Amino acid sequence: MATKKRTTQPVKLTATEAREKVEELQYKLDKYAGTAHCPMCNKHKDIETKFYYDTDPLFGGKSFSRICRDCARKIALRVDERGEEHEPTKESVQKALYYLNKPFLETVWNASIQESENMVTGKGKENVWTSYIKNISMKNYVGMGYMDSDMFKEKIVYKDEEVTQENKEDELSEDVVEMYKKNKRTVLRFLGYDPFENEPISEQPILYSKLVGYFDESVKDDGLKLEAVIEIVQSFKDVKTINDTISQYKKQLGSNPGVISTIKSLAETKQKMISSALALAKDNGISENNNNRKSKGAGTLTGIIKELQEMDLDGSEVNTFDYETNMAIEDIMTRNHQNQLKQLNPDENDWEKEVIHQKGLLFNLQKERDNAVEFSRLLKKENKDLKDFLFEKGLIDEKGQVIEDG
């Protein structure tokens, strides 16, 4: 049975309907003329409000980013599967800038961090991403693309700087590394934990060195003062970081006067941190002018030796026998004793008390001497038994010398 092929007949419109259809289509064309398609979210969005401008000269200087602002924000803020935003990182911001074809500059990054955490004015940006994208969109950076980022620039090093770099490497000698390890061991032994484990490795040596300088008997016995000392050390480390950042911004004053406000903000922040650290030191009696150590002899040689011995540090033992039997020291002590007698001008009663005191002292010394002799005898016997044992095992010879394996 043959079937007839159906043909679609065009819908006939009246003049009024045709005019309305043309107006509708024209409206849609006009609307889409001001939009762009984001391939990441697959949506048409308004160019002026939903996209960033791409000022790369290769695109004529007036193009727009290939992804929309919302998608760039999701990348920078690491939006998870639940739609929750997280704190942006340098890596996530760089990834968003790659899709936007905008440069990543360290100076702008540091300024954006400061702006987003603006503790001075209390008007910080929402986060470092919102601050950075605002700053990098300024006219100062027109014409720059992602390939103009700092990580793609080859650092220029002059000959005199090469020498300086070699000298810096020489400074990181074995002695410096050994001192760093020693200070770290001291801190661990003193505190029982590492207060700087989350700090960058490059900053840990100076932190341990500074902290060890604050250790004394009063700090060891006062947990609050100990925490204050750690806070002070970290604060002054942060102050040094701010000083380094200010120095970098000062180099830009000639080409970018707008950094003056940032420098001022950093300087005020630094001053507040210093004032806070000094107040903390004063409240806890840490500074020299407000020192409230219980032991008045903490700064003397005897006090220092005592502190070292209590901390059980290697090399803290002192042989006072050689020191006190030195002829020069002995002469000084004799003269000092004679001068004290002249100043005291003792009478018969004083001499009687002195004799009684000396007799008791002599009895105690004699007893200590007898104990020391017996202890020495036991040590010699133990030493002889040990040598006989090692000799029987063939580890030493008759002269007590260690026999090395052939």
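This section reports on the structure supplied with the text. (Residues numbered from 1 in each chain as written. Predicted model: local features only at pLDDT ≥ 70, side-chain atom pairs only at ≥ 80, totals over all residues. Heavy atoms only, no water.)

**Side note on the pairing of strand S1 (residues 35-38)**
Applied cut-off: Two strands qualify as a pair provided DSSP detects at least 2 bridges between them. Secondary structure elements follow DSSP: runs of H or I of four or more residues count as helices, runs of E of two or more count as strands, with numbering from the N terminus.
Two elements, S1 and strand S2 (residues 43-46), share four bridges in a ladder whose sense is antiparallel. Bridge pairing in S2 places Thr 35 opposite Asp 46. Following S1, the chain reverses through four residues before pairing antiparallel with S2; Asn 42 in that reversal takes a positive phi of roughly 60°.

**Examining helix H6 (residues 128-136)**
What counts here: Relative accessibility decides the category of a residue: with a 1.4 Å probe and only protein chains considered, values under 20% of the type maximum give buried, values over 50% give exposed, and everything between is partly exposed. Here a polar contact means two N or O atoms within 3.5 Å. Within protein one must be a hydrogen donor candidate and the other an acceptor candidate, and residues neighboring in sequence count only if both atoms are side-chain atoms.
Along H6, eight of the nine residues are buried, which leaves the element largely enclosed by surrounding structure. Two or three places before Trp 129, at the opening of H6, Asn 127 has a side-chain oxygen 2.9 Å from that residue's backbone nitrogen.

**Focus: the side chain of Thr 130**
As for its placement among the helices and strands, Thr 130 is situated in helix H6. Thr 130 gets classed as buried once you look at its relative accessible area, which sits at 18%. At a separation of 2.8 Å, a polar atom in the side chain of Thr 130 contacts the main-chain carbonyl oxygen of Asn 127.

**Focus: the packing of aromatic side chains**
Quick note on the threshold: Put simply, two rings from Phe, Tyr or Trp (the six-membered ring, in Trp's case) pair if the centres are within 6.5 Å, and we call them stacked under 30 degrees between planes, edge-to-face over 60, tilted for the rest. Sitting over a ring, as applied to charges here, requires NZ of Lys or CZ of Arg to be within 6 Å of the ring centre and within 35 degrees of the ring normal.
Scanning the entire structure with this criterion turns up eight aromatic pairs. With centroids separated by 5.6 Å and ring planes inclined at 50°, the aromatic side chains of Phe 104 and Trp 109 adopt a geometry described as tilted. Taken as a pair, Phe 104 and Trp 109 share a single burial class, namely buried. Three or more aromatic residues joined by ring pairs form one cluster here, namely Tyr 98, Tyr 99, Tyr 146 and Phe 152. One cation-aromatic arrangement involves Arg 66 over Tyr 98; the distance from NZ or CZ to the ring centre is 5.1 Å. Across from the ring centre of Tyr 52, 4.4 Å away, lies the NZ or CZ of Arg 69, which sits over that ring.

**Points about the pattern of salt bridges**
Cut-off, in case you're wondering: The term salt bridge refers to a pairing of a side-chain nitrogen on Lys or Arg with a carboxyl oxygen on Asp or Glu at a separation within 4 Å.
One pass over the full model with this rule turns up 11 salt bridges. The closest approach of N and O atoms between Glu 106 and Lys 90, which form a salt bridge, is 3.3 Å. Of this pair, Glu 106 sits in helix H5 (residues 106-116) while Lys 90 sits in helix H4 (residues 90-100), and the two are 16 residues apart along the sequence. Look at Glu 106 and you get partly exposed, because its relative accessible area is 31%.

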